[in-house]
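Commentary on secondary and tertiary structure
What follows is the residue order along each chain.
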Amino acid sequence: MKNKEFKELETKDLAERLEAEVAKYNQMKLNHAITPLENPSQIKAARRDIARMKTELRQRELNK
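Cut-offs used in this document
- What you see as residue numbers is a count from 1 along each chain, following the sequence as written.
- A pLDDT threshold of at least 70 governs which residues receive local features in this predicted model, and a stricter bar of 80 or more applies before side-chain atom pairs are shown or counted, although totals over entire chains, interfaces and linings include all residues.
- To get the side-chain values, all heavy atoms of the structure are used, and hydrogens and water are removed first.
- In what follows, salt bridge is the name for a side-chain nitrogen of Lys or Arg lying within 4 Å of a carboxyl oxygen of Asp or Glu.
- Helix and strand assignments come from DSSP, with helices taken as H or I runs of at least 4 residues and strands as E runs of at least 2, each series counted from the N terminus.
- Only protein chains enter the accessibility calculation, which uses a 1.4 Å probe; a residue whose area is less than 20% of its type maximum is buried, one above 50% is exposed, and one in between is partly exposed.
- Patch membership needs two things, relative accessible area over 30% and no salt bridge, and members are linked within 9 Å if like-charged or within 5 Å if nonpolar (Val, Leu, Ile, Met, Phe, Trp, Tyr).
- Here the open area of atoms and residues is found with the Shrake-Rupley method and a 1.4 Å probe, where only the protein chains shown may cover a residue.
- Charge counting treats Lys and Arg as positive and Asp and Glu as negative, with His and both chain ends excluded.
- For this purpose, a charge sits on NZ of Lys, CZ of Arg, CG of Asp or CD of Glu.
- The term nonpolar core refers to a set of buried residues drawn from Ala, Val, Leu, Ile, Met, Phe, Trp, Tyr and Cys, joined through side-chain atoms within 4.5 Å.
- We call two residues in contact when some of their heavy atoms are within 4.5 Å.
- One less than the residue count of a helix, multiplied by 1.5 Å, gives the span that helix is expected to have.
- The arc under discussion is defined with respect to the helix axis, by the directions toward the C-beta atoms.

**Looking at the pattern of salt bridges**
A complete count under the given rule lists three salt bridges for this structure. Across the pair arginine 52 and aspartate 49 runs a salt bridge whose closest N-O atoms are separated by 2.9 Å. Of the two residues, arginine 52 and aspartate 49 are both situated in helix H3 (residues 41–62); the distance of three residues between them amounts to about one turn of the helix. Overall, arginine 52 belongs to the partly exposed group, its relative accessible area being 33%.

Below, the structure is given as structure tokens:
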């Protein structure tokens, strides 16, 4: 997902999306530990998306 798409979301929606992505990321890491994923770069991409969401939420918090 692109930064532009994160900026278009409402703060509440972005926070909910962040929670869902973190849960998905944790599940992905657990599954990868048990049985390797076909595409392990998905873990890296999920981690970066989470960081982008957290950054956007923090910027909104500081701009209030």
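**Observations concerning a negative patch on the surface**
Together, Glu10, Asp13, Glu16 and Glu19 make up a region of like negative charge exposed at the surface. Take glutamate 19: its relative accessible area is 60%, and that puts it in the exposed class.

**A look at the environment of phenylalanine 6**
Examined against the element boundaries, phenylalanine 6 turns out to sit in helix H1 (residues 3–8). Distance in space between the C-alpha atoms of phenylalanine 6 and threonine 55 is 10.0 Å, their sequence separation being 49 residues.

**Section: the nonpolar core**
Among the nonpolar cores identified, the biggest contains ten residues, and these are Phe6, Leu14, Leu18, Tyr25, Met28, Ile43, Ala46, Ile50, Met53 and Leu57. If one sorts the elements of this core by residue count, H3 sits on top with five residues. Beyond its immediate sequence surroundings of up to four residues, methionine 53 is in contact with Phe6, Leu14, Arg17, Leu18 and Glu21.

**Description of a positive patch on the surface**
Side chains of Lys29, Lys44, Arg47 and Arg48 sit close together on the surface and give a patch of like positive charge. Residue contributions to the positive patch peak at three residues, all from H3. For arginine 48, a relative accessible area of 48% translates into the label partly exposed.

**Topic: H3**
Between its first and last C-alpha atoms H3 spans 32 Å; for 22 residues at 1.5 Å apiece the expected length is 32 Å, and the two agree. Residues of H3 that are buried: Ile43, Ala46, Asp49, Ile50, Met53, Glu56, Leu57 and Arg60. With its buried residues spanning 150° around the axis, H3 presents them on a single face. Among the structural elements, H1 and helix H2 (11–34) are those in contact with the buried residues of H3.

Just distances and angles here, no functional claims.
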